[in-house]
Amino acid sequence: MQTPPIDTLRNTETPEGVEVGLRLAGSPVRFASWLVDTLIRTAVLVPVGSVLAIFGNAGMGLFYLVAFFGEWFYPVVCEVYWNGQTPGKKLFGLKVVRDDGAAVDWTASTVRNMLRFADFLPAGFLFGFLSVLATEENKRLGDLAAGTVVIYADTDERSALSSLAALPNLSPAMPPLHLAQAEQAALIEFAERAPQWTEDRQIELADQLQPVTGELGPVGVKRLQSYALWLLGRR
Amino acid sequence: MDLERAIGVLRPRAPWEAVDFGWLIGRRLYGPMLRAWLVVAVPLALAILATNWNRPWLAVVILWLLRPLLETPLLFVLSRGLFSQPCDLRTLLPQLHRVVGADLAPRLLWRRFDPQRSYTLPVSSLEGLRGKRRRQRARLLAQRQGSQASEFTYVCLGLEFVVILGLTGLVFLMLPEALHPDWPVFFDQDLWYVPLWGRLAFGMAFIAMTVVEPLYVSGGFGLYLNRRTVLEGWDIQLAFQRLAARAKQATAVLVLLFGLCGMPVVSVQAQEPAEGVPSAEELEEFFELTDEEPSDAIDPVDLTPIVDILPLDEGDIAAELETILDDKEFGWEETVTRWETRKPAEEAGTEFGFLGGLLGQLLEILLWVVALAALGALGYWLVRSSQAITLPQREPKRELPTQLMGMDVRPESLPDNVPVAARALLGRGDHIGALSLLYRGALARLIHGFELELEDGATENDCIRAVRAVQGPAHWFEGLTQAWQSEAYARRPLAEADIDGIIDGWTAAIENSTPAVGATR
């Protein structure tokens, strides 16, 4: 295939030469997390404003200051001191990192949040939305300027699906050929996720590997599970 | 269907990540999707607008209600394009009525308001399930990612508002201010009854739909693909297929092809004649239903002149303005004579006015303090930095050793007159004591006189080298060191005269050569 297959994952190399996979977050979830952050800010500003309104002009002056800092620095402070996450991002399992996967610093976070204004133009974040759609790494204008990306912070879905407890009680067996890492992982995952599938589907999947196991049907499933146990170190 | 032909990487993803994956696929297939959209949506929108030309707001509502009609062609393109199958108009148009018509009535009626409908749409339109089986399947899908599917629908609704708001903003950003409507007046009218605005709103809504709808269907399709990847282990199947191919290659044994082409994974079954396809009568009924809205009750007010007034001639306008502004409505001048106190009246405060004033004063004081502190800090920083640039840093005074080779070498520890004390010890026959005192004394005086650089762990030879390095009385000091070493370490007693000679040399070597420190002692 000419073009690389579509994926939400982007591999990047840290300065230490470690390859890190960043799972880039797109518009919908970021829009939702922005809504949550806005609601939180409003929920704080409304009571603060009503209390400060009692104090006449001085109170209103103070309120405008609070509103100003809330609007512009709430995300910056959260991102710098809270692992790249505002409360809204935390709720949706997102975080901001720099392009190489490093944590955001004051400069990067300030730039990306000050440029929120440019993303807001002409109204309602249209430019930001189009920018996220158009760029390869889902960057809004602020991200482009600051060299940051928004990624999913929670662990990979695969680890959530897998459970070692699901492994059957079989005697381990060595696979008949040398397996690459991805192939080993597929065998182990097959064993771990098998209980979530019907027996028919398990057999269907296991039959694919008849050239390896030499078996068809339920025996093939058991054979693959034995391989997985062996790969997991139960010898 | 061969999973290998998928243009995206199929693997279990987090729900929102699955939506993003759907969007990425939608982005890749944007061209064919847009064409499929336009082919269906433009005639539909024009028809709706034409039949409701004077009730454009009703047209907006109808278009919005009929959205499901436009979703299945997009899904058709997505499902075929994902597996690199032809998905252009040539493949779509011959089966368009089947694609659009699949399971249409429930989709248009009660399922229209199902917030998860982009997620479960493939069940009826791709898997071709109907009735109870469709319901069970949809429930199975929604066990996971259901809440995200709903949230995604609301997010897309929000994104449509973003597009509408943004486009409107853009238009007014580009329009000269003279053409802007007078907003307070504008909102004061019942704009619901202004057809021109309604038609513009219809256009905006259509553009917003054109932008968001393909993304909405893509996102739901992403969720659907993710759920099936988990439910059926597509990622495992792919890995096994590759492993099997490799195993066959490696062993070079001809094995029957298993399953490689056997599994129909996503079967586009929209072609199947479907139960529940709405008849033409049903559709008509539907239209009639929505057409029943009250429309002629109130006369529509035509507000078009608000934007239609364009400047004709500058002189005319100025004159016109003058006459208009002369009207009493725009204020007038009059002369009033009355007595006033010289001191302006106290400003009326709120109930807590005094507190406000107090707070204000406190804030002002605080501001001054902060400003002064900042100024001070700036000054301090300026002085510090200018010093750092201009003045070379004074070297910190070096620590001189206080102990060498287990001996106390501080000048304070010495007797007042070293040679005399040494001679006294020598007279008592204590050779080692005399030499020790001399050596220790000489070291103490040389260290402080020449500021010798000596580590705490320096040896005798280190000391000699250091004395040589500063061009001190090295010769004498060497003799003394040798004498001290042979007496104290080798236990070879020296002649009293030799030691006497070294003591004699003290004055010349130490008193005359070392500057200042301890010279008077």
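Residues numbered from 1 in each chain as written. Chains lettered and ligands numbered in written order. Predicted model: local features only at pLDDT ≥ 70, side-chain atom pairs only at ≥ 80, totals over all residues. Heavy atoms only, no water.

Our next topic: the overall build of chain B. When helices and strands are tallied, chain B shows 22 helices and 2 strands. Across the 521 residues of chain B, 43% fall into the buried class. Contacts in chain B between residues far apart in sequence, at least 24 positions, make up 78% of those at least 6 positions apart. Summing over all exposed atoms, chain B offers an accessible surface of approximately 30,000 Å²; the carbon and sulfur share of this is 60%. (Helix = DSSP H or I, 4+ residues; strand = E, 2+ residues; numbered from the N terminus. Buried < 20%, exposed > 50% of the residue type's maximum accessible area, 1.4 Å probe, protein only. Contact = heavy atoms within 4.5 Å. Areas by Shrake-Rupley, 256 points an atom, 1.4 Å probe, with all protein chains shown as cover.)

Attention shifts here to the overall build of chain A. Looking only at helices and strands, chain A has 12 helices and 4 strands in total. In chain A, which comprises 235 residues, the proportion classed as buried is 47%. In chain A, the share of contacts with a sequence separation of at least 24, taken over all contacts with a separation of at least 6, comes to 63%. Here chain A displays about 11,400 Å² of accessible surface, and carbon together with sulfur accounts for 63% of that area.

What follows covers the environment of B:E487. Of note, B:E487 is situated in helix α21 (residues 474-488). With near-sequence residues (within four places) excluded, B:E487 lies in contact with B:H431, B:I432, B:L435, B:R492, B:P493, B:L494 and B:I499.

Glancing now at the interface of chain A and chain B. On the chain B side, the residues contacting the 63 residues of chain A number 62 residues. Of the roughly 5,200 Å² buried between chain A and chain B, counting both surfaces, carbon and sulfur atoms make up 69%. Of all residues in chain A, A:I6, A:P28 and A:Q208 give up the largest surface area on contact with chain B, accounting jointly for 14% of the area buried on that side. Counting the contacts that link chain A with chain B gives 6 salt bridges. Across the pair B:R27 and A:E136 runs a salt bridge, and its minimum N-O distance is 3.4 Å. Joining chain A to chain B, the criterion identifies 22 residue pairs in polar contact (both at pLDDT 80 or more). Its residues assigned to classes, the side of chain A that touches chain B comprises 40 nonpolar, 11 polar and 12 charged. (Buried area = accessible area lost by both parts, 1.4 Å probe. Salt bridge = Lys/Arg side-chain N within 4 Å of Asp/Glu carboxyl O. Polar contact = N/O pair within 3.5 Å; in protein donor to acceptor, adjacent residues only side chain to side chain. Nonpolar A, V, L, I, M, F, W, Y, C, P; charged D, E, K, R; others polar.)

All names here are of chain B. All chains considered together, the criterion is met by 34 salt bridges over all chains. Among the ionic pairs, E4 bridges to R242, the shortest N-O distance being 3.2 Å. With E4 in the segment before α1 (15-28) and R242 in helix α13 (residues 234-251), this residue pair connects regions lying 238 residues apart in the sequence. E4 sits in the partly exposed class, given a relative accessible area of 31%. On the basis of relative accessibility, which here comes to 49%, the residue R242 falls in the partly exposed class.

Residues and elements named next belong to chain A. Under the criterion given, the structure shown has 19 aromatic pairs over all chains. Measuring from ring centre to ring centre gives 5.6 Å for F69 and F73, while their planes differ by 35°; the resulting arrangement is tilted. Of this pair, F69 and F73 are both found in helix α2 (residues 56-81), 4 residues apart, which corresponds to roughly one turn of the helix. By relative accessible area, which is 27% here, F73 ends up partly exposed. Following the ring pairs from residue to residue traces out a cluster consisting of F31, W34, F120 and F125. (Phe/Tyr/Trp six-rings, centres within 6.5 Å; stacked < 30°, edge-to-face > 60°.)

So, about the environment of A:A25. Within the secondary structure layout, A:A25 lies in the loop between β2 (19-23) and α1 (27-52). Sequence separation of A:A25 and A:T8 is 17 residues, and the distance between their C-alpha atoms is 7.8 Å. Here A:A25 is in contact with A:R30, A:L94, A:N138, A:V150, A:I151, A:Y152 and B:D20, once residues within four sequence places are set aside.

All names here are of chain A. Looking at the secondary structure, you find K95 in strand β3 (residues 94-98). A polar contact of 3.4 Å, which involves the side chain of K95, links it to the side chain of N83. Apart from the residues within four sequence positions on either side, K95 is in contact with N83, G84, Q85, K89, V149, V150, I151 and A153.

A separate point is the nonpolar core. Residue and element names in this part refer to chain B. Among the nonpolar cores identified, the biggest contains 87 residues, and W16, I25, I48, L69, L78, F202 and F221 are the most heavily contacted of them. The biggest single contributor to this core is helix α12 (residues 195-232), with 14 residues. Leaving out residues up to four positions away in the same chain, I48 has contacts with A59, I62, L63, L66 and F202. L414, C463, L494 and I502 belong to the second-largest nonpolar core, a separate cluster that totals 39 residues. (Core = buried A, V, L, I, M, F, W, Y, C linked by side-chain atoms within 4.5 Å.)

Another point: the pairing of strand β4 (residues 148-152) of chain A. All names here are of chain A. Most of β4 is tucked away, with 5 of its 5 residues classed as buried. The two faces of β4 match: T148, V150 and Y152 on one face and V149 and I151 on the other face are all buried. Sheet analysis places β3 next to β4, joined by 5 bridges and oriented antiparallel. If you follow L94 over to β4, its bridge partner there is Y152. (Pairing = 2+ DSSP bridges.)

On the surface, B:E322, B:D326, B:D327 and B:E329 cluster together to form a negatively charged patch. Since its relative accessible area comes to 53%, B:E322 is described here as exposed. (Patch = residues over 30% accessible without salt bridge, like charges linked within 9 Å, V, L, I, M, F, W, Y side chains within 5 Å. Lys, Arg positive; Asp, Glu negative; His and termini not counted. Charge placed at Lys NZ, Arg CZ, Asp CG, Glu CD.)

This paragraph deals with the environment of A:T155. All names here are of chain A. Checked against the element boundaries, T155 lands in the loop between β4 and α8 (157-161). Residue class for T155 comes out exposed when judged on its relative accessible area of 62%. Separated by 62 residues in sequence, T155 and G93 have C-alpha atoms that sit 9.3 Å apart.

Let's shift gears to α21(B). Residue and element names in this part refer to chain B. With 15 residues, α21 extends 20 Å between its outermost C-alpha atoms, agreeing within 8% with the 21 Å of an ideal straight helix rising 1.5 Å per residue. Considered for burial, the residues of α21 that qualify are A474, W476, F477, L480, T481, A483, W484, S486, E487 and A488. Residues of α21 that are buried make contact with β2 (407-408), α19 (431-450), α20 (460-469) and α22 (496-511). (Expected span 1.5 Å × (residues − 1).)

Residue and element names in this part refer to chain B. For chain B, the mean per-residue pLDDT works out to 78, and 80% of the residues sit at or above 70. Counting contacts from residues 253-310, a segment whose pLDDT is below 50, to residues more than four positions away or on other chains yields 81 contacts. Every residue in residues 516-521 scores below 50 in pLDDT, and together they form 10 contacts with partners more than four places removed in sequence or on other chains. (pLDDT = per-residue confidence, 0-100.)

The next thing to look at is helix α9 (residues 131-142) of chain B. Residue and element names in this part refer to chain B. Counted at 1.5 Å a residue, the expected span for α9 with its 12 residues is 16 Å, and the 17 Å between its end C-alpha atoms agrees. Among all positions of α9, only R134, R137, A138 and L141 are buried. Buried residues of α9 fall within an arc of 100° about the axis and therefore sit on the same side. Of the exposed residues in α9, the ones pointing more than 90 degrees away from its buried face are K132 and R139. For α9, the secondary structure elements touched by its buried residues are α8 (117-125) and α12. (Arc of directions from axis to C-beta.)

Let's shift gears to the packing of helix α3 (residues 56-65) of chain B against α12(B). Residues and elements named next belong to chain B. In contact at an axis separation of 8 Å, α3 and α12 are set at 20° when each is read in the N-to-C sense. Compared by their axis directions, α3 and α12 come out roughly parallel. Considering the relative orientation of α3 and α12, their crossing is left-handed. Along its contact with α3, which presents P56, W57, A59, V60, L63 and W64, the element α12 presents P195, W197, G198, R199, A201, F202, A205, F206 and M209. Looking at the contact of α3 with α12 residue by residue, the classes come out as 13 nonpolar, 1 polar and 1 charged. (Axes fitted to C-alpha atoms, helices over the stretch in contact; angles between N-to-C directions. Parallel < 35°, antiparallel > 145°, perpendicular 65-115°, else oblique. Left-handed = near helix turned anticlockwise from the far one by under 90°.)

Residues and elements named next belong to chain A. What you see with strand β1 (residues 9-13) is a clean split: R10 and T12 sit on the buried side and L9, N11 and E13 on the side with no burial. Relative to β2, β1 runs antiparallel, the two being bridged by 5 bridges. Following the sheet pairing, E13 is matched in β2 by E19. What sits between β1 and β2 in their antiparallel hairpin is a turn of 5 residues, with G17 showing a positive phi close to 85°.

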